[in-house]
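Next come the chains, spelled out residue by residue.
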Amino acid sequence: MPLDLTLAERAIGRIRRADLVVTYGRVTRVMPTFLEADGPHAPVGTVCQISANDHPPTLAEIVGIDERRVALMPYASVHGVMVGDRVQTRMKSSTVGVGEGFLGRAVNAMGDPVDGGAPVRACDERPLHGSYVSPLDKVGASRPLDTGIRAIDALLTLGVGQRVGIFAGSGVGKTTLLNCLAQHVVADMRVICLVGERGREAEEFWNKVLTPEQRERSVQVVSTSDEPAIVRARAVYFALALAEHFRTQGRHVLFVLDSMTRLAMALREIGLAVGEPPTVRAYTPSVFSILPRVIERFGAVKGAGAITALVSVLTETDDTDDPLAETVKALLDGHIVLGRELAERGQLPAINVQRSVSRFFRTVTDEAQRTLVTEAIGQLSVYDSSRSLVESGMYKVGTNPALDRALHCRERLLAFMRQAPEQRVERKRAIDELAAAIKEAGLGPR
């Protein structure tokens, strides 16, 4: 019987990574969110087991080392851990199990099921923190992404493999829009990563947002808000490893992350625990070095598939001017900005198309669509520039022909952009409806 080389190679790799000498130390300090110990002698990222006779073993990950101490972030509550407890290495490998067995399952950051089903059997391994991909092997979007959302497909067309952020303050509709996109986007499979979310939202997403057929081709990785920071961060890395595995098979993977802000908060908590200095908004320097590495793992790769990333970003104000939001915006291939005022008027989804950008728009659209979009956004911008004059009642129709055209067109465009969450509109139909709205307003290419 011929030898399965792939299986043999994996077995050899595990033997080489096996920790044949167990090293250990002792806990020297216990804090609510982190621990310190005088050992073991192991690299950052090593998973350790903390044990004593009077409490169950606790897993923790080494996140910082200096000549006198080892800083560890626990995967669970530190309740029961005491100074003097033994800390020994358990797993130095930074690889995780991946494979088709995760499809149709909801799991936690360690890959263990949270859906009540049997343990997941992995068929392959991937580096938890990703592997190097040459910049010249990364390719941009070349074909449009069908999202099912009129305002996006017609006015802010996205591409397959694009990395896009949804920016807004709290309560404006980020999660609702992400739910709609997760349900409507055409992709081979979905990897849903919920970080720092409420438990009920994870249940609703898995059982109510996705249809049974969609769940069969989806994986949901969940880390709720009550879990330690290191677990919340690991959930994103694990979800990315799953997505990268499917991409190497030539698949188009939709990656939904809710939210990038909570990932940054978890990284900040880890950084502060290991003694990093706080900078702007108390974010530690490591946050601004890790986020680019996370975002660069998305996208399309030459000779493989693509990971289309849709991530939500919670902004501190409705002006999206906080440093984290601006940093993430600069790293992504586009941003969709939601407006609170639009949401309060019932204009849902509350997409502010004038402030939103798709950096692949010109690549994945034709000249006819670009002409329509230029006309539509131009009319909305003309109205916004004279909005205070119009709403105060001081403007008299007929005074400014350009503003008169904008007033005539605006309501038709707003009606075009309104869409119920359960409604899905094909991309071609969305473009045709945009053209009809502009024609009905008596406008068109000039």
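In what follows, the structure referred to is the one given above.
Being a predicted model, the structure only gives us computed values, none of them experimental. (Residues numbered from 1 in each chain as written. Predicted model: local features only at pLDDT ≥ 70, side-chain atom pairs only at ≥ 80, totals over all residues. Heavy atoms only, no water.)

## A short note on the packing of aromatic side chains
Part 1 of the argument: According to the stated counting rule, one finds three aromatic pairs in the structure shown.
Part 2 of the argument: With a centroid separation of 5.6 Å and an interplanar angle of 70°, the aromatic rings of Phe102 and Phe238 are classed as edge-to-face. Residue Phe102 is located in the loop between strand S7 (95–98) and strand S8 (105–107), and its partner Phe238 is located in helix H6 (residues 229–248); the two are separated by 136 residues in the primary sequence. This pair shows no difference in class: Phe102 is buried, exactly as Phe238 is.
Part 3 of the argument: Residues Tyr283 and Phe288 carry aromatic rings whose centres are separated by 6.1 Å and whose planes lie at 80° to one another, so their mutual orientation is edge-to-face.
Part 4 of the argument: Among the residues examined, Tyr283 registers a relative accessible area of 4% and is labelled buried.
Part 5 of the argument: A cation over an aromatic ring shows up here: Arg86 above the ring of Tyr24, its NZ or CZ 3.9 Å from the ring centre.
Part 6 of the argument: The ring of Tyr283 carries the charged tip of Arg268 above its face, separated from the ring centre by 4.4 Å. (Phe/Tyr/Trp six-rings, centres within 6.5 Å; stacked < 30°, edge-to-face > 60°. Helix = DSSP H or I, 4+ residues; strand = E, 2+ residues; numbered from the N terminus. Buried < 20%, exposed > 50% of the residue type's maximum accessible area, 1.4 Å probe, protein only. Lys NZ or Arg CZ within 6 Å of the ring centre and 35° of its normal.)

## What to know about the sheet that holds strand S1 (residues 24–30)
Part 1 of the argument: As summarised here, the arrangement of the six strands in space is S1-S2-S5-S4-S3-S6, forming a closed barrel in which the pairing is antiparallel. Taking the axes of each pair of neighbouring strands and ignoring which way they run, one obtains an average angle of 45° across the sheet.
Part 2 of the argument: By the bridge criterion, three bridges tie S1 to strand S2 (residues 35–37) in an arrangement that is antiparallel. Paired with Arg29 across the bridge in S2 is Glu36. (Pairing = 2+ DSSP bridges. Axes fitted to C-alpha atoms, helices over the stretch in contact; angles between N-to-C directions.)

## Topic: the packing of helix H7 (residues 260–273) against helix H8 (residues 285–295)
Part 1 of the argument: Where H7 contacts H8, the axes come no closer than 9 Å and their chain directions differ by 135°. Put simply, H7 runs oblique to H8. Of the two elements, H7 crosses H8, and the hand of that crossing is right-handed. Between H7, through Met260, Leu263, Ala264, Leu267, Arg268 and Gly271, and H8, the contact on the second element is made entirely by Ser286, Val287, Ile290, Leu291, Val294 and Ile295.
Part 2 of the argument: Here the contact of H7 with H8 is built from residues that sort into nine nonpolar, two polar and one charged. (Parallel < 35°, antiparallel > 145°, perpendicular 65-115°, else oblique. Left-handed = near helix turned anticlockwise from the far one by under 90°. Contact = heavy atoms within 4.5 Å. Nonpolar A, V, L, I, M, F, W, Y, C, P; charged D, E, K, R; others polar.)

## Structural notes on the pairing of strand S12 (residues 189–197)
Part 1 of the argument: Among the nine residues in S12, nine count as buried, and that is most of the element.
Part 2 of the argument: Pairing between S12 and strand S14 (residues 252–258): six bridges, direction parallel. Opposite Met189, over in S14, you have Val253 as the bridge partner.
Part 3 of the argument: Strand direction decides the pairing type here: S12 and strand S13 (residues 218–224), joined by seven bridges, are parallel. Looking at the pairing, Cys193 lines up with Val221 of S13.

## Some remarks on the pattern of salt bridges
Part 1 of the argument: Evaluation of the coordinates by the stated rule reveals 24 salt bridges.
Part 2 of the argument: Across the pair Arg424 and Asp146 runs a salt bridge whose closest N-O atoms are separated by 3.4 Å. Note that Arg424 is positioned in the loop between helix H14 (401–417) and helix H15 (427–440) and Asp146 in the loop between strand S10 (138–139) and helix H2 (150–155), a separation of 278 residues in sequence.
Part 3 of the argument: Since its relative accessible area comes to 28%, Arg424 is described here as partly exposed.
Part 4 of the argument: Between Asp432 and Lys428 there is a salt bridge, and its shortest N-O distance comes to 3.2 Å. Of this pair, Asp432 and Lys428 both sit in helix H15, four residues apart, which is roughly one turn of the helix.
Part 5 of the argument: On the accessibility criterion, Asp432 (42% relative accessible area) is partly exposed.
Part 6 of the argument: If you follow the salt bridges from partner to partner, you end up with Arg29, Glu36, Asp66 and Arg69 in one network. (Salt bridge = Lys/Arg side-chain N within 4 Å of Asp/Glu carboxyl O.)

Read these as geometric descriptors, not functional statements.
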